[in-house]
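Below, each chain spelled out in residue letters.
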Amino acid sequence: MAVQRTFSIIKPDATNRNLTGAINAIFEKNGLRIVAQKRIEMTQKQAETFYAVHSERPFFGELVEFMTSAPVVVQVLEGENAVLKHREVMGATNPAEAAEGTVRKEFALSIGENSVHGSDSEENAAIEIAQFFSGNEIVG
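What this report covers is the structure whose coordinates are included nearby. Numbering of residues starts from 1 in every chain and runs along the sequence as written. Local features in this predicted model are restricted to residues whose pLDDT is 70 or higher, and side-chain atom pairs enter the listing and the counts only when it is 80 or higher, whereas totals over whole chains, interfaces and linings include all residues. As a rule here, side-chain values come from all non-hydrogen atoms in the structure, and water together with hydrogens is ignored.

## Some thoughts on the overall build of the protein
Quick reminder of the rule: Secondary structure follows DSSP: runs of H or I at least 4 residues long count as helices, runs of E at least 2 residues long count as strands, and numbering of each begins at the N terminus. Using C-alpha atoms as the atom set, the radius of gyration is obtained and then compared with a globule rule of 2.2 Å times the number of residues to the power 0.38. Only protein chains enter the calculation, and the probe is 1.4 Å; a residue is then buried if its accessible area is under 20% of its type maximum, exposed if over 50%, and partly exposed in between. Note on areas: Shrake-Rupley, 1.4 Å probe, and residue coverage restricted to the protein chains presented here. The charged-residue count follows a simple rule in which Lys and Arg add positive charge and Asp and Glu add negative charge, with His and chain termini not counted at all. Just so you know, the charge point we use is NZ for Lys, CZ for Arg, CG for Asp and CD for Glu.
Helix and strand content of the protein: seven helices and four strands. Here the C-alpha atoms of the protein give a radius of gyration of 14 Å, agreeing with the 14 Å that 2.2 N^0.38 yields for 140 residues. Taking the principal axes of its C-alpha atoms as reference, the protein extends roughly 40 × 35 × 25 Å. Relative to its full complement of 140 residues, the protein shows a buried share of 47%. On the protein, roughly 7,200 Å² of surface is accessible, and the fraction owed to carbon and sulfur atoms is 50%. Of the charged side chains in the protein, 13 are positive and 19 negative; the average position of the first set lies 3 Å away from that of the second.

## Quick word on the pairing of strand β1 (residues 3-10)
If a strand is regular, its side chains alternate between the two faces of the sheet. Applicable threshold: A pair of strands is considered paired only if DSSP assigns at least 2 bridges between the two.
Most of β1 sits out of view: six of its eight residues are buried. Two strands pair when backbone bridges link them, and β1 and strand β3 (residues 72-80) are joined in this way by eight bridges, in the antiparallel orientation. Of the residues in β3, the one forming a bridge with Gln4 is Gly79. Pairing of β1 with strand β4 (residues 116-118), which is carried by three bridges, proceeds in the antiparallel orientation. Of the residues in β4, the one forming a bridge with Ser8 is Gly118.

## Let's talk about unusual backbone geometry
Positive phi values are uncommon outside glycine, yet Asn81 reaches one of about 45°. Note that Asn81 resides in the loop between β3 and α5 (82-90). With relative accessibility at 27%, the residue Asn81 sits in the partly exposed group. In the Ramachandran plot, Ser115 falls in the positive-phi region, its phi being about 70° despite a non-glycine side chain. Mapped onto the elements, Ser115 comes out in the loop between α6 (103-107) and β4.

## Some details on the pairing of β3
A large share of β3 lies buried, amounting to eight of its nine residues. One ladder, built from seven bridges, connects strand β2 (residues 33-40) with β3; its direction is antiparallel. For Ala36, the partnering residue across the bridge sits in β3 and is Val76.

## Things to note about the nonpolar core
For the record, the criterion: Nonpolar cores were defined as sets of buried Ala, Val, Leu, Ile, Met, Phe, Trp, Tyr and Cys residues, with membership established by side-chain atoms within 4.5 Å. Every residue pair with non-hydrogen atoms within 4.5 Å of one another is taken to be in contact.
Counting 21 residues, the largest nonpolar core has Phe7, Ile9, Met67, Val74, Phe132 and Phe133 as the members making the most contacts within it. Counting residues per element, the ones that place at least two in this core are β1, β2, α3 (44-50), α4 (60-67), β3 and α7 (122-132). Counting residues per element, this core draws most heavily on α4, at five residues. When near neighbours in sequence (up to four residues on either side) are disregarded, Val74 contacts Phe7, Ser8, Ile9, Ala36, Gln37, Lys38, Ile40, Phe132 and Phe133. Of all hydrophobic cores here, the second largest spans 15 residues; its members include Ala82, Met90, Phe107 and Val116.

Next up, the structure:
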């Protein structure tokens, strides 16, 4: 198995409820190591760029507004098959369908306020990481 890096965001609904540590504990318990992390207030431009793939969808404006509504925690996670592992640990987008013990089952408020984002591929992880971190900020 290959050690990979993936990108993660702890979203405003979770940071507002002070869940960063609890969510990180789940990541770490499942073999993911935090190699970069910072709490930021995402700008509208950052959110629009990050979610550009959804720009034509009806929920785009609401998504950008949500992601800029409160601080988020952006991070780089590392581990064996990190992209897939992180997606498993996050759980299904709909918290009602998420498996027990996953972040979304434990903490998500709704499909929209689902507490976390994770890259869906190694390629997208690299792009997403580069949007928020320079190489010297990642310490493995």
